[in-house]
There are 2 protein chains.
Amino acid sequence: MASRIRIAVDCMGGDLGLRACLPAAVKALSSFPDLDIVLVGNEQQIARLLDVSRHEFLSIAHAPDVVTMSDKPTVALKHKKQSSMRCAIDMLHQKQVDAVVSGGNTGALMAMACLVLKTLPGIDRPAICSLIPTADGHSLLLDLGANVDCKPEHLYQFAMMGSVLASVLDGREAPTIALLNIGEEAGKGSETVKLADALCKADTNLNYTGYTEADRLLSGDADVIVADGFVGNIALKSCEGTASYISDVIQNEFSHSRVSKVLGFVARPVLKTVLQKLDPQQYNGASFLGLNGIVVKSHGNSSAEGFFNAIAQARTEVVNDMINVMARRLTVLSL
Amino acid sequence: MASRIRIAVDCMGGDLGLRACLPAAVKALSSFPDLDIVLVGNEQQIARLLDVSRHEFLSIAHAPDVVTMSDKPTVALKHKKQSSMRCAIDMLHQKQVDAVVSGGNTGALMAMACLVLKTLPGIDRPAICSLIPTADGHSLLLDLGANVDCKPEHLYQFAMMGSVLASVLDGREAPTIALLNIGEEAGKGSETVKLADALCKADTNLNYTGYTEADRLLSGDADVIVADGFVGNIALKSCEGTASYISDVIQNEFSHSRVSKVLGFVARPVLKTVLQKLDPQQYNGASFLGLNGIVVKSHGNSSAEGFFNAIAQARTEVVNDMINVMARRLTVLSL
């Protein structure tokens, strides 16, 4: 019998808090029969919204405290040891669960995960990695903000970790890896990017394809795109902002006159598909990579549907044994 | 009588070369009766496509050589002194024209402009600044790639130059300025950005509003958004790539079945407006700021319509005496 997958859900984070987490957890249980979910958070508040006893594979782990979105990571580390976020990570560390999903304060989550879980041997700094849409599916982009000032070695480590995640999530044997740069020719870009390019080229285990530019981010040219945390964050948010801008333009254009409203009504089924493809909730779920444990961050403003996608992503990483695959890959590199 | 505006058009650059520049020049002459245009390039090739004698305010300055898109800036500087690009910049330096517009190799154009025109007193490095669309109009984004590794002082200079350009192009008295960062709270971001934030805050002549995130780039929150050249380039190209991705999604969705084709046909007038708003040609024309002369770069893949917009932008900068406005602003600062 296949073993069950246990996921701790930090229920107290994100803009919607319980209103996103609880429906997402219930949907995940009905979608994945192999799943056990532990709701970590204020027991009373959870019980008020959901009768946990009605769900066979659902339980509550009470945590009295909450990390707020404005808590500084250092403060959260020191004073929020009884928070839902910290309790969930402690449970992962003690192997009571196989993964943690949280929609809370990213900086605090990363700081707690680093302190408690530690990084894998060979990794200096964990990175945040997310799916981005392409015409035929998705690519992966990392780092998204965990590491602001990076050395070339860090970018190289991100490339390697992204390669493992692409194998694990998408079953690709040799995912293609590109470095995000402001030109494709050798000689372009910052010194850090040029040195990282040399490190990636030297690793024959990496299917490294060279530089890519930001206008090709959603082209699907590469399975994994690597940048430092500042640049990766700017790139992802620029894409999100543009999608949201265009979505507004479409909705405005189809509503500003009686004729355009009728046209919008007629074209609605197709427009709906278009707007769905632009919905960041479809790609919600950022993996923290390089830690000794699976942690997936759901976007702060995620809906229940988005949070469900983050849980599903954590499950896939557990099913495919991501941590051990990555640890083995790192051992080969260090030989 | 108002004096005439003289613009040198480097005709040999860009993917379309003469096929974009010549129709753009003709359109500019008919749109702006105060304009004189000098077409700089291969006289025979120009004459084959356009009868210059039929246009009162159009002339040709023959240049035998061409800077290619693959020429390295150092090579172009040394060996392409007879190129159309260099001749146009030399004409500007010798005050035979008031501005240069080129769709050629950005690195070579910047290198030649720096060498020949020099920077204004108080400016270490010129920056590249472009319009980006917003719901109600546009904002300005700089630097777009001229300066990869920036110090805080450079970002501050970009803020000041962007402020002047926003006044000149849009007639705003105190344009709002924001620094692009990966969070809005103090303490977020790189060391360089934090120090630049302090410099901008200290300048009471600057209407500085603090940090902005990349998902707000197209929101119109700030009139001018400042970043180093690496980050600015990534942000702009991420926006462009997303717009192009979404434009493809829309066109695909409206063509993949007979029903959706009919819907697309019916909704065409509105869709056309949407797609036009996403068209980067509408915002073509990047100003090189901080030089002692007006240089506008048209995008390499620009159409005639895009190139026309770049010419119009150069004209506006001349009409509003941008160089002197900026020089005066710099003098006040250095007092």
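Since this is a predicted model, take the numbers as computed values, not measurements.

**Considerations on the overall build of chain A**
Line of reasoning, step 1. Secondary structure assignment for chain A yields 12 helices and 11 strands.
Line of reasoning, step 2. Expected size for 335 residues packed as a compact globule is a radius of gyration near 20 Å; at 21 Å, chain A falls within 12% of this value.
Line of reasoning, step 3. In terms of principal-axis extent, the alpha carbons of chain A reach across some 65 × 60 × 45 Å.
Line of reasoning, step 4. Out of the 335 residues in chain A, the part that is buried amounts to 57%.

**What to know about the sheet that holds strand β11 (residues 294–297) of chain A**
Residues and elements named next belong to chain A.
Line of reasoning, step 1. Judged by pairing direction, the sheet is mixed, and its 11 strands sit side by side in the order β3-β2-β1-β4-β11-β10-β5-β6-β9-β7-β8 without closing on themselves. Both edges of this open sheet fall to β3 (58–62) and β8 (207–212), since each of them pairs with a single strand only. Going from strand to strand, the sheet's axes swing by 25° on average, the running direction of each strand aside.
Line of reasoning, step 2. Bridge count between strand β1 (residues 5–10) and strand β4 (residues 99–102): four bridges; the pairing is parallel. Bridge pairing in β4 places A8 opposite V100.

**Let's talk about the domain arrangement of chain A**
Residue and element names in this part refer to chain A.
Line of reasoning, step 1. Here chain A is described as being made up of domain 1 (1–123 + 290–335) and domain 2 (132–280).
Line of reasoning, step 2. One C-alpha centre belongs to domain 1, the other to domain 2; they are set 25 Å apart.
Line of reasoning, step 3. Every contact between the two is made by 17 residues of domain 1 and, on the other side, 15 residues of domain 2.
Line of reasoning, step 4. At the surface where domain 1 touches domain 2, the tally comes to zero salt bridges.
Line of reasoning, step 5. Linking domain 1 with domain 2 are three residue pairs in polar contact (both at pLDDT 80 or more), by the criterion used here.

**Digging into the interface of chain A and chain B**
Line of reasoning, step 1. Contacts between the two partners involve 46 residues from chain A, matched on the other side by 46 residues from chain B.
Line of reasoning, step 2. Summed over both partners, the interface of chain A with chain B buries about 4,000 Å², with 78% contributed by carbon and sulfur atoms.
Line of reasoning, step 3. Ranking the residues of chain A by area buried against chain B places I182(A), F230(A) and Y245(A) at the top, with a combined share of 17%.
Line of reasoning, step 4. In this structure, K237(B) engages E213(A) in a salt bridge whose closest nitrogen and oxygen atoms are separated by 2.4 Å.
Line of reasoning, step 5. For the pair chain A and chain B, the interface holds four residue pairs in polar contact (both at pLDDT 80 or more).

**Quick word on the packing of aromatic side chains**
Here the distance between the centres and the angle between the planes together describe a pair of aromatic rings.
Line of reasoning, step 1. Summed over all chains, the structure comprises two aromatic pairs over all chains.
Line of reasoning, step 2. Ring geometry for F32(A) against F308(A): centres 6.0 Å apart, planes inclined by 5°, an arrangement best described as stacked. Of this pair, F32(A) sits in the loop between α1 (18–31) and β2 (35–41) while F308(A) sits in helix α11 (residues 304–319); the two residues are 276 residues apart in sequence, bridging distant segments of the chain. An identical accessibility class is assigned to F32(A) and F308(A); each is buried.
Line of reasoning, step 3. Above the face of the F308(A) ring, K27(A) is positioned so that its terminal group lies 4.2 Å from the ring centre.
Line of reasoning, step 4. If you follow R4(B) out to its NZ or CZ, it ends over the ring of F57(B), 3.7 Å from the centre.

**Some details on the side chain of N233(B)**
Line of reasoning, step 1. Among the structural elements, N233(B) can be located in helix α8 (residues 229–253).
Line of reasoning, step 2. With relative accessibility at 9%, the residue N233(B) sits in the buried group.
Line of reasoning, step 3. Discounting residues that sit within four places of it in the chain, N233(B) has contacts with I182(A), D143(B), L144(B) and G145(B).

**Some thoughts on the relation of the copies chain A and chain B**
Line of reasoning, step 1. The operation relating chain A to chain B is a screw motion whose rotation component is 180°, with 0.0 Å of axial translation and a residual RMSD of 0.1 Å. A rotation of that kind, with that shift, is consistent with a two-fold axis.
Line of reasoning, step 2. The residues that chain A uses at the interface reappear at the interface of chain B in 100% of cases, marking a shared surface.

**Some remarks on the environment of G41(B)**
Residues and elements named next belong to chain B.
Line of reasoning, step 1. Relative to the helices and strands, G41 resides in strand β2 (residues 35–41).
Line of reasoning, step 2. Once the C-alpha coordinates of G41 and G13 are considered, the two residues, 28 residues apart in sequence, prove to be 9.3 Å apart.
Line of reasoning, step 3. Dropping the residues within four chain positions of it, G41 is found in contact with M12, I46, A61, H62, A63 and S84.

**So, the pairing of strand β7 (residues 176–180) of chain B**
Residues and elements named next belong to chain B.
Line of reasoning, step 1. In terms of residue burial, β7 counts as a mostly covered element, since five of its five residues are buried.
Line of reasoning, step 2. Here β7 shows no split at all, with T176, A178 and L180 on one side and I177 and L179 on the other all buried.
Line of reasoning, step 3. Bridging between β7 and strand β8 (residues 207–212) involves five bridges; their strand directions are parallel. Each residue of the ladder has a partner; that of L180, found in β8, is T212.
Line of reasoning, step 4. In terms of strand pairing, β7 meets strand β9 (residues 224–226) through three bridges, oriented parallel.

**Quick word on the sheet that holds β7(B)**
Residue and element names in this part refer to chain B.
Line of reasoning, step 1. The 11 strands are arranged β3-β2-β1-β4-β11-β10-β5-β6-β9-β7-β8 in an open sheet whose pairing can be described as mixed. Strands at the two margins of the open sheet, each flanked by one partner only, are β3 (58–62) and β8. Between one strand axis and the next, the sheet turns by 25° as a mean value, whatever way the strands run.
Line of reasoning, step 2. In this sheet, β9 lies alongside strand β6 (residues 138–142) in parallel orientation, the contact comprising three bridges. Across the sheet, residue L140 finds its bridge partner in β9, namely V224.

**Considerations on the packing of helix α4 (residues 84–93) of chain B against helix α5 (residues 106–117) of chain B**
Residue and element names in this part refer to chain B.
Line of reasoning, step 1. Interaxial distance between α4 and α5 falls to 10 Å at its minimum, and their mutual angle equals 30°. Taken as axis vectors, α4 and α5 run roughly parallel relative to one another. The hand of the α4/α5 crossing is right-handed. Across from M85, R86, I89, D90, L92 and H93 in α4, the residues of α5 making contact are A108, L109, M112, A113, L115, V116 and L117.
Line of reasoning, step 2. Residues of the contact of α4 with α5, tallied by class, amount to 10 nonpolar, one polar and two charged.

**What about unusual backbone geometry?**
Line of reasoning, step 1. In this model, L142(A) is joined to D143(A) through a cis peptide bond whose omega is -5°.
Line of reasoning, step 2. A positive phi is found at K95(B), a non-glycine position, where the angle reads about 60°.
Line of reasoning, step 3. In this structure, K95(B) sits in the loop between α4 and β4 (99–102).
Line of reasoning, step 4. The phi angle at K118(B) is positive, at roughly 70°, despite the residue not being glycine.

**Some remarks on the pairing of β3(B)**
Residues and elements named next belong to chain B.
Line of reasoning, step 1. In terms of strand pairing, β2 meets β3 through five bridges, oriented parallel. Within β3, the position partnered with I37 by the bridge is L58.
Line of reasoning, step 2. Read from β2 through helix α2 (residues 43–49) to β3, the crossover connection turns out right-handed.

**Some thoughts on helix α7 (residues 191–202) of chain B**
Line of reasoning, step 1. With 12 residues, α7(B) should cover 16 Å at 1.5 Å per step; its first-to-last C-alpha distance of 17 Å lies within 8% of that length.
Line of reasoning, step 2. Buried within α7(B) we find V193(B), A196(B), D197(B) and C200(B). Looking straight down α7(B), one finds that the buried residues subtend no more than 110° of arc, so they occupy a single side.
Line of reasoning, step 3. Of the surrounding elements, those touching the buried residues of α7(B) are α8 (229–253) of chain A together with α6 (152–170), β7 and β8 of chain B.

Criteria and thresholds
- Starting from 1, residues in each chain are numbered consecutively following that chain's sequence as written.
- In the order they appear in the text, chains get letters beginning with A and ligands get numbers beginning with 1.
- Only residues with pLDDT of at least 70 are given local features in this predicted model, and only at 80 or more are side-chain atom pairs given and counted; all residues enter the totals for whole chains, interfaces and linings.
- Only hydrogens and water are set aside; all other atoms, that is, all heavy atoms of the structure, feed into the side-chain values.
- Working definition: helices are DSSP H or I runs of at least four residues, strands are E runs of at least two. Numbering for both runs from the N terminus.
- For a compact globule the rule gives 2.2 Å times the number of residues to the power 0.38, and the radius of gyration it is set against comes from C-alpha atoms.
- For every residue, the accessible area (1.4 Å probe, protein chains only) is compared with the maximum for its type, and the residue is labelled buried under 20%, exposed over 50%, or partly exposed between those bounds.
- If DSSP finds at least two bridges between two strands, the strands pair.
- For every element, the axis is a line fit to its C-alpha atoms; helices are fit only across the contacting stretch, and the angle between N-to-C directions ranges from 0 to 180 degrees.
- Domain start and stop points were drawn from an automatic or database domain assignment.
- Two residues qualify as a contact provided that any one of their heavy atoms is within 4.5 Å of a heavy atom in the partner residue.
- Should a side-chain nitrogen of Lys or Arg be within 4 Å of a carboxyl oxygen of Asp or Glu, the pair is scored as a salt bridge.
- Throughout this description, a polar contact denotes any pair of N or O atoms lying within 3.5 Å of each other; where both atoms belong to protein, one of them has to be capable of donating a hydrogen while the other can accept it, and for residues adjacent in sequence the pair is counted only when both atoms sit in side chains.
- Buried area, as used here, totals the accessible surface that two parts lose on assembly, with accessibility defined by a 1.4 Å probe and the loss added over both.
- Here a Phe, Tyr or Trp ring, Trp counted by its six-membered ring, pairs with any other such ring whose centre lies within 6.5 Å, and the pair is stacked when the planes are under 30 degrees apart, edge-to-face when over 60, and tilted otherwise.
- The criterion is that NZ of a Lys, or CZ of an Arg, lies within 6 Å of the ring centre and within 35 degrees of the ring normal, and then a charge sits over that ring.
- Our superposition of the copies is a least-squares fit, built on the C-alpha atoms of residues whose pLDDT is at least 70 in both.
- Here roughly perpendicular refers to angles of 65 to 115 degrees, roughly parallel to angles under 35, roughly antiparallel to angles over 145, and oblique to all remaining angles.
- Helix crossings fall into two classes, left-handed where the near helix is turned counterclockwise from the far one by less than a right angle and right-handed where it is turned clockwise.
- All residues other than Ala, Val, Leu, Ile, Met, Phe, Trp, Tyr, Cys, Pro, Asp, Glu, Lys and Arg, Gly among them, are scored as polar; the first ten of these are nonpolar and the last four charged.
- Handedness rule for crossovers: strands pointing away from the viewer, path from the first strand over the helix to the second running clockwise, crossover right-handed.
- Between the first and last residue of a helix there are one fewer steps than residues, each counted as 1.5 Å, and that sum is the expected span.
- The arc in question is the one traced by the directions running from the helix axis out to the C-beta atoms.

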